[in-house]
Amino acid sequence: MKRTSIWSICLVGLLALAGCGNKEETPAASTSGATAEKGGAKKRIAVIPKGSTHEFWKAVHAGAEAAGQELGVEIIWKGPLKEDDRDSQIKVVEDFTSQAVDGIVLAPLDDTALRAPVMHAQTSHIPVVIIDSDLKDVDVISFVATDNFKGGQMAGEEMVRLLDGKGKVVMLRYQEGSASTHQREEGFLDAIKKAPGITVVSDNQYAGATTETAQRAAENLLAPLKSANGGLSIQGIFAPNESSTFGVLRTLQDNDWADKVKLIGFDASPKLVDALADDQVMALVVQNPFNMGYLGVKAMVDRLQGKSPEKRIDTGATLVTRSNMQEPAIAKLIAPPGK
């Protein structure tokens, strides 16, 4: 009996060691939930943002993670560091395609450059949901985003109201190839055209992908517009995303212009919200990035479960001003991710 017990114990130990040797390594990218095994119930969904430094993408990440936990799928979050690194984002899409993930939720930072890798994923039988910014001529499962043209119109209409229908304004664009911000810019110009008393002095300069490049671009844009008394010869400025808005704000603060011109921006961050409270930013058109991440993942899960998600899902936009920023729904919308 003793010999039989000893061999049984040894056999159990050997089997345990063998089991440990077969465990897969944890992926390097950020994931939620347990790692899915082949043949298991958990599906792997790659969520690829335009970048990872802006507060906007942190909120998108939080929404995607919340959907992953609720719907029982594994979220793999990975994207380029900065929003001008097309090659890096293309490589991320290609890598996830090679890994044969169950689905890709992508915010393309270029509406043309990302077409080929997305189409390759689709021919590899990996469904794709696009969030935030559209692609040209590619049919995907669903497009989950703000109505950006409408958001730009909201900014333009508020500018017309603030200037009482007369004055001079400039618009600092974001960067070429970004479909979402291009739509915001065109929406803003559309609203301004309806006010014949307002002149657009400049609308062809680009901020670039970071706050630093936006600040340099804003300095170059505004330098020729200085007035004799040290102020500015314009009355309004529109910037179409978080980094461009903050770059313009820094320039205005550095030159003591923040209270001499009406700045309207897009998206929220703690510093922009503080500036809104201090009347250095007059309005922000705020999206719902948490909702965008959540609904993007939900649309993909619906597809994987054999359902047909809506082809276009509007995640909403709100004009936030100093007068309404304390309202509970809006206060929650502009709070930093996780707060």
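On a predicted model such as this, the values are computed, not experimentally measured, just so you know.

A. Structural detail: the packing of helix H2 (residues 55-71) against helix H10 (residues 289-304). Contact geometry of H2 with H10 gives a least axis separation of 6 Å together with a crossing angle of 40°. In terms of orientation, H2 lies oblique with respect to H10. H2 and H10 meet at a crossing whose hand is right-handed. Here H2 contributes Phe56, Ala59, Val60, Ala62, Gly63, Ala64, Ala66, Ala67, Gly68, Glu70 and Leu71 to the contact with H10, which in turn contributes Pro289, Phe290, Met292, Gly293, Tyr294, Val297, Lys298 and Val301. Across the contact of H2 with H10, the residue classes tally to 14 nonpolar, 3 polar and 2 charged.

B. Quick peek at the sheet that holds strand E9 (residues 236-238). Read across the open sheet, the 6 strands follow the order E8-E7-E9-E10-E11-E13; overall the sheet is mixed. Pairing within the sheet leaves two strands with one partner each, and these edge strands are strand E8 (198-206) and strand E13 (317-320). If you compare each strand with its neighbour and ignore which way they point, the axes differ by 15° on average. In this structure, E9 lies alongside strand E10 (residues 262-266), joined through 3 bridges in parallel fashion. Bridge pairing in E10 places Phe238 opposite Ile264. Along the sheet face, helix H6 (residues 179-193) touches strand E7 (167-173), E8, E9, E10 and strand E11 (283-287) and points at about 170° away from the line of E7.

C. A look at the side chain of Asp132. Note on placement: Asp132 falls in the loop between strand E5 (128-131) and strand E6 (142-145). Judged by its relative accessible area of 3%, Asp132 is buried. Within the local environment of Asp132, its side chain forms a polar contact with the side chain of Lys50, the two groups lying 3.1 Å apart. Among residues more than four places away in sequence, those in contact with Asp132 are Lys50, Phe56, Trp57, Ala107, Phe143, Val144, Ala145, Asn148, Ser180, Arg184, Gln287 and Met292.

D. Quick look at H6. Between its first and last C-alpha, H6 extends 21 Å over 15 residues, near the 21 Å set by a 1.5 Å rise per residue. For H6, the set of buried residues is Ala179, Ser180, Thr181, Arg184, Glu185, Gly187, Phe188, Leu189, Ala191 and Ile192. In the core, the buried residues of H6 are packed alongside helix H5 (148-162), E7, E8, E9, E10 and E11.

E. Representation of the packing of H5 against H6 within the structure. Relative to each other, H5 and H6 sit at 40°, their axes nearing to 6 Å. Like other packed secondary-structure pairs, H5 and H6 cross with a definite hand, here right-handed. Along its contact with H5, which presents Asn148, Phe149, Gly152, Gln153, Ala155, Gly156, Glu157, Met159 and Val160, the element H6 presents Ser180, Gln183, Arg184, Glu186, Gly187, Phe188, Asp190, Ala191 and Ile192. Its residues assigned to classes, the contact of H5 with H6 comprises 7 nonpolar, 7 polar and 4 charged.

F. Local environment of the pairing of E7. Counting buried positions along E7 yields 6 of 7 residues, so the element is predominantly enclosed. Alignment of E7 against E8, held across 6 bridges, turns out to be parallel. Within the sheet, the bridge partner assigned to Leu172 lies in E8 and is Gln205. What joins E7 to E8 is H6, and the crossover it makes is right-handed. Inspection of the sheet shows E7 paired to E9 by 3 bridges, in the parallel sense.

Calculation criteria
Residues numbered from 1 in each chain as written. Predicted model: local features only at pLDDT ≥ 70, side-chain atom pairs only at ≥ 80, totals over all residues. Heavy atoms only, no water. Axes fitted to C-alpha atoms, helices over the stretch in contact; angles between N-to-C directions. Helix = DSSP H or I, 4+ residues; strand = E, 2+ residues; numbered from the N terminus. Parallel < 35°, antiparallel > 145°, perpendicular 65-115°, else oblique. Left-handed = near helix turned anticlockwise from the far one by under 90°. Contact = heavy atoms within 4.5 Å. Nonpolar A, V, L, I, M, F, W, Y, C, P; charged D, E, K, R; others polar. Pairing = 2+ DSSP bridges. Buried < 20%, exposed > 50% of the residue type's maximum accessible area, 1.4 Å probe, protein only. Polar contact = N/O pair within 3.5 Å; in protein donor to acceptor, adjacent residues only side chain to side chain. Expected span 1.5 Å × (residues − 1). Right-handed = clockwise from strand over helix to strand, strands pointing away.

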